[in-house]
Each structure stands twice: as C-alpha cells, then as structure tokens.
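Structural features, examined
Here is how the chains run, residue by residue.
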Amino acid sequence: MIFINQVLQGVLLGGYYALIACGLSFMFGVMGVINLAHGSLAVVSAYALYVLADRFGVQPFIGLCVVAPLMALVGWALQRLVLERSARGGLLAPVLSTFGLSIILDNLLFQGFGADTRSLAPYIGDLSYDSWALTDQIAIGKLAALTMAVAIVLLGGVQIFLNRTLIGRAIRATAEDPDTVGLVGVNARRVNAVAAAIALATVAIAGAFLGMRATFDPYAGATQLIFAFEASVIGGAGSLWGTLAGGIVLGVAQSLGALVNPQGFFIAGHIAFFAVLFARLFLGRFGERVRIAVGGAIRT
Amino acid sequence: MSASKAAVERWTPESRIAIGAAAVVLVVLAIGPSIFSANAVDKLTTLFIYVILALMWNALVGFCGLVSIGQQAFFGLGAYAAIRLANSGVGVYPSLFLGALIVGALSWPLSIVMLRLKGGEFAIGMWVVAELAHLIVNLDTLVRGETGTSLIELDAYSSASRRALTYWCALAAMTGLLAIVFRLLRSPLGAAIQAIRDNDEAAESVGVRVVSAKRLVFTLAAFGAAMGGALWVATALTFQPKAYFSPLWTAYMIFMALVGGLGTFEGAILGAVIFFAIDTWFGAMGVWYLVGLGATALIFALLFPRGFWGWFEDRTSLRLLPIGYRLRLPSLNRATADRRPDT
Amino acid sequence: MTLLQVDRLEARHGQLKAVRGVSLTIESGETVALIGANGAGKTTLLRTIAGAHRIAAGRVAFKGEDISSRSPHARAALGLALVPEGRRLFARLTVEENLQLARSAGRTGAWTLEAVMDAFPNLKDRRRALAGTLSGGEQQATAIGRALMMNPELLLLDEVSLGLSPLVVDRLYARLEALKSSGVAMLLVEQDLNRAMATASRAICMLEGAVAIEGPTGSLSREQVTEAYFGLNKSPRAEAPSP
C-alpha cells in the first residue's frame, strides 16, 4: 500500500516536472537552444510572486496574472538580446551565455533576498496541505492534483496553439526550416521571440507551483534546471506529451528511491535518467519503441 | 644566393623566444619555495591549479567543441579519491596523482555514454553526472555527508614542507599537462582535434577517427580536472563535497577560457592569470563578484568569443607557440596562411 | 510597368562569385525563362532576388522600390514569391498547413485555399496529409500553391520539373499556362530547354554567373541558345577568387 502511495505521489510529482520541463522542451524543440538560465528564471518568478504576496498581499494565483505576462516580456527580451545573438555565435555561445545569465540571476536574488528559504505555501491557505484520502495509506494532495491538472491543460493548450493558430504553425515551420520560412512571409525573428515569450510564461507558472509545493532559495534554479532537463530527455526532447511522460517517470523513480534513503530520491532520479539515456542510445530500435509507447511520437 | 623556394615551417623567431622565456620562467618557479615568501608560494600554487583547470576545460571546449557544465564532477572525485587513498595508507602526495589517474581511467568508459550526447544535452548531461557523483560521495561514511572531512594525513608534514611539496606537485602537474597538450596539438591528433572542432562530419570523411580523438580529450580533461581537485584539497586541507562539486567551478573555468581565448593554448594561461587577479582583488566582494563573473562570461560569449588572446592574435600575426604550420613564400617577408582555426 | 529590376547584381558563395554583374528587368504579367547549365548561377540569382541570399554588390528593385536590404519576408509581403529549388516544404506540417502558412505574408487576393485546390486538384485528397509523405508531383504542386497563397505579383520558380515524371511535368506546365492568364509575372528556371522556350515569352541564358544571351523566345535560334548555354566559342576564363 505504501508502495502504491509512493507511486501515486510520484505520478503527481510528474505533473510538476512536466510544468517546469514544458518551457525548456518548447524552447529546445523550436529554437534548438538549451536555456541554462531556465531554472533560475523559474525561481525569479517564484520570488516575484513572493514579493507580491508578502508585500502587497496579492494571492499567488492572482499574482500570476501579472508575473506571467511580465515573464513573457522577459522571454521576448531574452530572445532578442541574448539568444538571437548567441545563435549566430555557433553552438557554444547559447550554452555559455545562458549559463552566465543564470549565475547573474542567482546571485542577484541572493543579494536581494538573502539565503533564507521562502515559500508561497502560507499564501494559499489550506490548498498547500489538503488532500483527499482514498484509503488509510493512499492520499492525493489537492495541490499536487491541481498541479497535474494545470500541467495537462497547459501542455494541451500549447499543443492546440501550435496546431491550430497561424503563429503556432509559423513556430513549427521555423523550428523545422528557419531559412525557408522567410520566403513564405514568416518573420522568423518575431516568431522566435514569441516562442520565447510563451516558454517563459510557462516558466512563470512552473515557478508559482514550485513556490507553492516546496520552499525555494536563490540557488534553487540549478536543481530545477536539472529536473526539467531530465524530464525532457526521458520523454524525448522536443515532444510535449513526451515531457509529461518523462516527468512522470522521473517523479515515480524519485519517489520510490526515497523509500530506500533520503538521498535516494535524487539518486534514483539521476539513475533513471541515465538508464533511459543508455537504453535509447544503445538499444536503438527497442529504445525507440519504448519512447513511442511512452508518448514521444506526437512531435510538435 | 638563389631565391629560396616556398617552405613550410613550424617554428618562428617569436615562438623560439617564447619557448625560451617559458623555460627560464619554469626554472625560476622550480626554486620558488626557497626564494618566495610563504604567501607567494601559496598564491602561486593556487594559480597553477587555475591554469590546469583552464587548460583542461579549454582543451575540451576549444579543441573538441564539447561544452561541459559538469567538470566539477572530476574535480570533486579527484579530491575524494586522494582522501580515500591517503586514508587507506597510500602516501599523501602519491595519492594525489594516483587518485587523479583513477578518476581519469574511470572517465574513459563514461565517455562512451556521454559522448553520444550533443550540444546542450552533453553540457547538462555532464552536470547530472556531477550531481550523481556528489550524491554517491556523500554516502561514504568517511566523508560524513556535507560536513566533510580533511586530508589529515598531511599533518605528518610541517607546514613549510607541506607548502613546498604541494607547490612542486602543482608545478609539476601544470607543466606536465601543458607539455601533454602542447605535444598533442603538434601531433597529427592535434590537427584531427581541430578539424573535429570545425566540422566533425567533414573530419570523419577524410579519415579522422572522430570518436577516439574526442574520447582521448575527454579523458585527459577529466584527469586534469581530477588533478586540480586533488591539489586543491592538498592546499585547502578540508573536503566538503558541496564546495568541490559545485557548478561554480565550471563557472570559473568558463570565465578563464572565454576571457583568455577559447581554443587557444596561450588563452588558457592568460585566462587563468586574469581570473587569479580578479579573484584576489574582488573575491571578498561576495555575490557581486559572482554577478560580475557571470556578466563577464555573458558579455564575452556574445561579443568577444575569441577572448583576449584571440583578439590579440587577430590584430597581430604573432604566434607564440609553434603549433600549426606556416607557409613561407619566397616573395614575401612575413609568413602567410596560418592554419589557426577560428572559434 | 517594370515589376522587377536587377542592376549589376553580384552574389557569392564564400569566395566564389556565383552571380557576376547580372542585370535584367521583368514587366508585369511577363513570363521569362532563365536557362543555363548547372552551376551557372540561376538558383543563386533567384535566391538573391528573393532575399534568401546576401547581395554582394548591385541592387534589386521591385515595383520601383529598392528592396536590396529587405528581409525575405518583407519581400514576400510586397508580392515577390519564390518556389525554392527542391521544394523546401515543411515536412511535419500538413499540406493545408503549408498552404495556410503563406497567409503570414499578409496579402489577400484571388488565391485562397479553395482556389489553390481547384488549380491543383491532385491535392484535394491530400489536404490533411503530412507534406513529407507526398509524392514528387504533389510536393511540387504544394510548393507552387504555397507561393500562390501569397498572392504574388512576381512568381520565381526554381526547377519545378526536377525529379518529376514527364506526365506530371506536363500537368504542371498546363497549370503554369493557366497562371499566365491570371496576370502574375513569372521568372522560371528550367533545365528543359523546350519547355522553357515554349512557355516563356522571353529567355535569359546564364553562363558562369553572367548573362550570356537574352531575347524574345521567338527570335532566338537553337544554335544561339546552345552556344550560349554551353559557352562554346568562348575562351576559357581563368579567374582567381576575389579577396
């Protein structure tokens, strides 16, 4: 029973991972850029919401209505000022520049807020700990369920956006062939900026849920980046529904690992990551079939 | 005399002078502990470690085009290996080298998996390796979790001899690695590596064994980083996993490589010296120092990817090291057509 | 009115001059054939006019405006559409999505999705198919359709018959004939001399990046064209790469 509960918690945790991985996967799928500042930006969002809640009494979900558009603007700026330039500098520049950016963000946060851990949980009342008890030993946290629901809605929403709107198609086309896309009247620069804006809006949402479900400190970005990365890769980098699957696999592995040892949580996650990587790289076809079965077939 | 025909040469007058000067510097450094103050010896030891780290990261990134945010894995493992070996009875100073060798050897099979990843995936993948290494090391009761432990076997030495021995080890390691990389660059493998950096498919098509060249550089870089870690624990004495496995080490390496000049031998040394100076002057400033480091890395990555040495090389045709080939045409005074790759 | 004016255009691939001082004009509604052997610079010229390739020297003017520094999407918005060599469809988008994408150019006109479907009936059944799964002829139809969806005034067609069977090419050219009457000007690159001369009212022959001969298709004899095409009676030119 405890085992089943852990698996369930792991699945729900996967919902959070899907949220945080969505933006990273989206940016990678569209622009081929791995944004190493991704985690730090989620933490920045969490701090922004914290400030709104702590200093102005704005409840986090309402605060998101301000922070998400703000982060979208940040995404626009990030693309125009940093990512666009660094894409021209070759393969190294985007990695190096976004890593530099993450260091700047982390340390500015430390400068502004100090080393104390914060949380948004106090500002969402009962939601942070309420749960539905299915049996004595199995419970579903309301926040965790909400997170999973939001993840599904968000991933679905982005998928619909990409498939049904003109700009969504433009984004997919630009991802596939950025050179030809101008010839059909698509402004590739603007498309990429919009994609970055969307990606960062999702990062803001992820940051909100990070703050609500756990504590965060200025240097929490690194861990979030690694989890987002692992979830993306497990699910098949660039595929949105695969990201959900990857998040779930990661969450379940971690939850089961926690049963063994407190550090087992993290260790199991990393091992699961390497196991999937290994399988995909070396078992070739079999790995492909596993990935497709897990949902990576629907590519954006 | 009849006009000379075109000739291919490796050594130039500048590079002869440079190598000569380097040899003199080396001799002076070798007798360092007897002529420099204790403080200077300590500082130089730190500088040597920085040079090692810069050189190794530069080799990996600059020569193979492999960006890794996880070299701290080997840095930490090298320190840990040294502690474990010393603890089990191996002499302290041999432990440093042996530990690094073991970590280097372990990185060879690791490269088989990791080198299958490309670009950003490789970069973060290596970070995951570092995190995993950190977690596993923490499980060792000797290390006592994040509290850490220290290289207590060093207590057997007086502080003066400890300082000198560590200094010489660092100097030897740095010189050795510089020599290895220099030799590598001058060899056919060196050309292969640079070809890989420019375009690996093209390199493969002309017969370059891309995978084994990359694997070699990966392993060397791991060994070097491990050596750096082992030497660091010999100077710092304490080993807290969190400090050794921190991605901040990669941040330092990135800074040194970018500012000095990615992909250039001299750039690694220059970058280490600059970083050392900045660390000495601003290190006490806490987070603003780190913000500055990040900002510098960002600016250099975007605007000056070739770093100071690259900028210098572009402005002059000075090549201090006899790497690459120069074509001397009879009708011209200066040699032309240098084979230096662009970043 | 003069729709397109190209003045002493130069374009390079690295150090190689692919287009060397080409000048040409195209009037509204005209159909001009651009012929020449492989490597003559035809594709580079078309891509440079469309904005996909950098201009090294010279200028391009469209409807009187100098568009030399405009981006490709800006040129598309003005009414200049290129059907690229090799089609360059977005394989992971459906036929319909590929066509709809052209609305990004922001130009309305007679060419709607339905009109394109009518013009290329073989696409009607394949609307929802991924572009990567189409046959050669269907891909070419989609590529031309995509360009038409931008309601262009000038259509640049690069080797539309490449890799297609004669029957399919016949059908394609029948469509192009029909297009002529809709008023759109066309500059088409075509390897097949017969088709080129039959479809176009004027022909420009390129050799080694420069215009070798041009004139109304009626007035050019086969011999003249063949000589210009292959560079017969020309002394071999050895030209060192420019610095």
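Everything numeric here is computed off the predicted structure, so don't read it as measured data.

1. Re the overall build of chain A
- Within chain A, the regular secondary structure consists of 12 helices and four strands.
- In summary, chain A has a C-alpha radius of gyration of 19 Å against a globular reference of 19 Å for 300 residues, a match within 12%.
- Across the 300 residues of chain A, 58% fall into the buried class.
- Long-range contacts, defined as pairs at least 24 residues apart, comprise 74% of the intrachain contacts of chain A with a sequence gap of at least 6.

2. Section: the overall build of chain C
- Helices and strands together make up the secondary structure of chain C, namely eight helices and 10 strands.
- Expressed along its principal axes, the backbone C-alpha trace of chain C runs to roughly 55 × 40 × 35 Å.
- Looking at the 243 residues of chain C, the share that counts as buried comes to 47%.
- Taking contacts inside chain C between residues at least 6 apart in sequence as the whole, the part at least 24 apart equals 68%.

3. Considerations on the pairing of strand β2 (residues 16-27) of chain C
- Note that strand β1 (residues 2-13) of chain C and β2(C) share eight bridges and pair antiparallel. The partner of Gln5(C) across the bridge, within β2(C), is Thr25(C).

4. Here we look at the confidence of the model for chain A
All names here are of chain A.
- Chain-level pLDDT for chain A is 88 on average; 93% of the residues reach the 70-or-more range.
- Model confidence for chain A, summarised as mean pLDDT per element, is weakest for helix α12 (residues 285-296) at 54 and strongest for helix α2 (residues 38-56) at 95.
- Confidence drops under pLDDT 50 across residues 295-300; counting only partners more than four residues distant or on other chains, this segment forms 20 contacts.

5. Side note on the interface of chain C and chain A
- The interface of chain C with chain A comprises 25 residues on the first partner and 16 residues on the second.
- Of all the elements in the fold, those that place two or more residues in the side of chain C that touches chain A are α2 (72-78) and α3 (95-101) of chain C.
- Here the side of chain C that touches chain A takes four residues from α2(C), the largest share from any one element.
- Residues belonging to the side of chain C that touches chain A are distributed by class as follows: 14 nonpolar, six polar and five charged.

6. Observations regarding the pairing of strand β9 (residues 202-207) of chain C
All names here are of chain C.
- β9 sits mainly inside the fold: six of its six residues count as buried.
- Burial of β9 is two-sided: the residues Arg202, Ile204 and Met206 facing one way and the residues Ala203, Cys205 and Leu207 facing the other way are all buried.
- Bridging between strand β3 (residues 31-36) and β9 involves five bridges; their strand directions are parallel. In the strand pairing of β9, Ile35 is matched with Cys205.

7. Concerning the packing of helix α4 (residues 72-87) of chain B against helix α6 (residues 119-139) of chain B
Residues and elements named next belong to chain B.
- In contact at an axis separation of 8 Å, α4 and α6 are set at 25° when each is read in the N-to-C sense. Judged by the angle between their axes, α4 and α6 are roughly parallel. In this structure, α4 meets α6 at a crossing whose hand is left-handed. Contact residues: Gln72, Ala73, Gly76, Leu77 and Tyr80 in α4; Met126, Val129, Ala130, Ala133, His134 and Val137 in α6.
- For the contact of α4 with α6, a count of residues per class yields eight nonpolar, three polar and no charged.

8. Brief notes about the interface of chain A and chain B
- At the interface, 33 residues of chain A touch 33 residues of chain B.
- Counting residues per element, the ones that place at least two in the side of chain A that touches chain B are α3 (60-88), α4 (92-113), α9 (221-235) and α11 (264-282) of chain A.
- Of the residues forming the side of chain A that touches chain B, the biggest block, 14 residues, is contributed by α4(A).
- Its residues assigned to classes, the side of chain A that touches chain B comprises 23 nonpolar, eight polar and two charged.

9. Overview of the environment of Ile35(C)
Residues and elements named next belong to chain C.
- Locating Ile35 in the fold gives a position in strand β3.
- Expressed as a C-alpha distance, the spacing of Ile35 and Glu97, which sit 62 residues apart in the sequence, is 32 Å.
- With residues up to four places along the chain from it excluded, the contact list for Ile35 reads Glu190, Leu193, Ala196, Ala203, Cys205 and Tyr229.

10. What about the sheet that holds strand β5 (residues 65-66) of chain C?
All names here are of chain C.
- What the four strands build is an open sheet, ordered β2-β1-β4-β5; its pairing is antiparallel. The outermost strands of the open sheet, each flanked by one partner alone, are β2 and β5.
- Both strand β4 (residues 57-62) and β5 contribute to a ladder of two bridges, which runs antiparallel. When the sheet's bridge partners are listed, Phe62 is paired in β5 with Glu65.
- Those strands touched by helix α1 (residues 42-50) are β1, β2 and β4, and its axis lies near 65° from that of β2.

11. So, the sheet that holds β3(C)
Residues and elements named next belong to chain C.
- Sheet architecture is open: six strands sit in the order β6-β7-β8-β3-β9-β10, paired in mixed fashion. Of all the strands in the sheet, the pair left with one neighbour each is β6 (80-83) and β10 (210-216). For this sheet, the mean angle separating the axes of adjacent strands, direction not counted, is 15°.
- With six bridges connecting them, β9 and β10 associate as antiparallel partners. Across the sheet, residue Met206 finds its bridge partner in β10, namely Val211.

12. So, helix α3 (residues 38-64) of chain B
All names here are of chain B.
- Over its 27 residues, α3 extends 39 Å from the first C-alpha to the last, a length consistent with the 39 Å expected when each residue adds 1.5 Å.
- At Asn58, α3 shows its largest kink, close to 30°.
- Judged by how many residues are buried, α3 sits mostly within the fold: 20 of 27 residues are covered.
- Looking one or two residues past α3, Gly65 carries a phi angle of roughly 70°, positive in sign.

13. Thoughts on the confidence of the model for chain C
- Predicted confidence across chain C gives a mean pLDDT of 88, with 95% of residues reaching 70 or more.
- Reported confidences for the modelled complex are a pTM of 0.85 and an ipTM of 0.86.

14. Let's talk about unusual backbone geometry
All names here are of chain C.
- Not every positive phi belongs to a glycine, and Arg8 is a case in point at roughly 40°.
- Tracing the sequence through the fold places Arg8 in strand β1.
- You will see that Asn151, though not glycine, has its phi angle at about 45°, which is positive.
- Its place among the elements puts Asn151 in the loop between α5 (136-148) and β7 (154-158).
- Note on Asn151: 20 C-beta atoms within 10 Å, which makes it buried.

15. Looking at the packing of α2(A) against helix α8 (residues 188-213) of chain A
Residue and element names in this part refer to chain A.
- Interaxial distance between α2 and α8 falls to 7 Å at its minimum, and their mutual angle equals 60°. α2 and α8 meet at a crossing whose hand is right-handed. Listed contacts from α8 to His38, Leu41, Ala42, Val43, Ser45, Ala46, Leu49 and Tyr50 of α2 are Leu200, Val203, Ala204, Ala206, Gly207, Ala208, Leu210 and Gly211.
- When grouped by side-chain class, the residues that make up the contact of α2 with α8 number 12 nonpolar, four polar and no charged.

16. Focus on the environment of Gly75(A)
- Checked against the element boundaries, Gly75(A) lands in helix α3.
- For the pair Gly75(A) and Ala195(A), spaced 120 residues apart in sequence, the C-alpha to C-alpha distance is 8.3 Å.

17. Remarks on helix α10 (residues 240-260) of chain A
- Compared with an ideal rise of 1.5 Å per residue, which puts 21 residues at 30 Å, α10(A) spans 31 Å between its outermost C-alpha atoms and is within 8% of the ideal.
- Counting buried positions along α10(A) gives 17 out of 21 residues, so the element sits mostly inside the fold.

18. Overview of the environment of Thr180(A)
- Along the chain, Thr180(A) falls in helix α7 (residues 178-181).
- We classify Thr180(A) as buried; it has 21 C-beta atoms within 10 Å.
- In sequence terms Thr180(A) and Leu49(A) are 131 residues apart; their C-alpha atoms lie 41 Å from each other.
- Once residues lying within four places of it in the same chain are set aside, the contact partners of Thr180(A) are Pro84(C) and Arg88(C).

Thresholds, definitions, all that
- Residues numbered from 1 in each chain as written.
- Chains lettered and ligands numbered in written order.
- Predicted model: local features only at pLDDT ≥ 70, side-chain atom pairs only at ≥ 80, totals over all residues.
- Helix = DSSP H or I, 4+ residues; strand = E, 2+ residues; numbered from the N terminus.
- Rg over C-alpha atoms; globule rule 2.2 N^0.38 Å.
- Buried ≥ 20, exposed ≤ 12 C-beta atoms within 10 Å, placed from the backbone.
- Contact = placed C-beta atoms within 7 Å.
- Pairing = 2+ DSSP bridges.
- pLDDT = per-residue confidence, 0-100.
- Nonpolar A, V, L, I, M, F, W, Y, C, P; charged D, E, K, R; others polar.
- Axes fitted to C-alpha atoms, helices over the stretch in contact; angles between N-to-C directions.
- Parallel < 35°, antiparallel > 145°, perpendicular 65-115°, else oblique.
- Left-handed = near helix turned anticlockwise from the far one by under 90°.
- Expected span 1.5 Å × (residues − 1).
- Bend = angle between axes of the 7 residues up to and from the residue.

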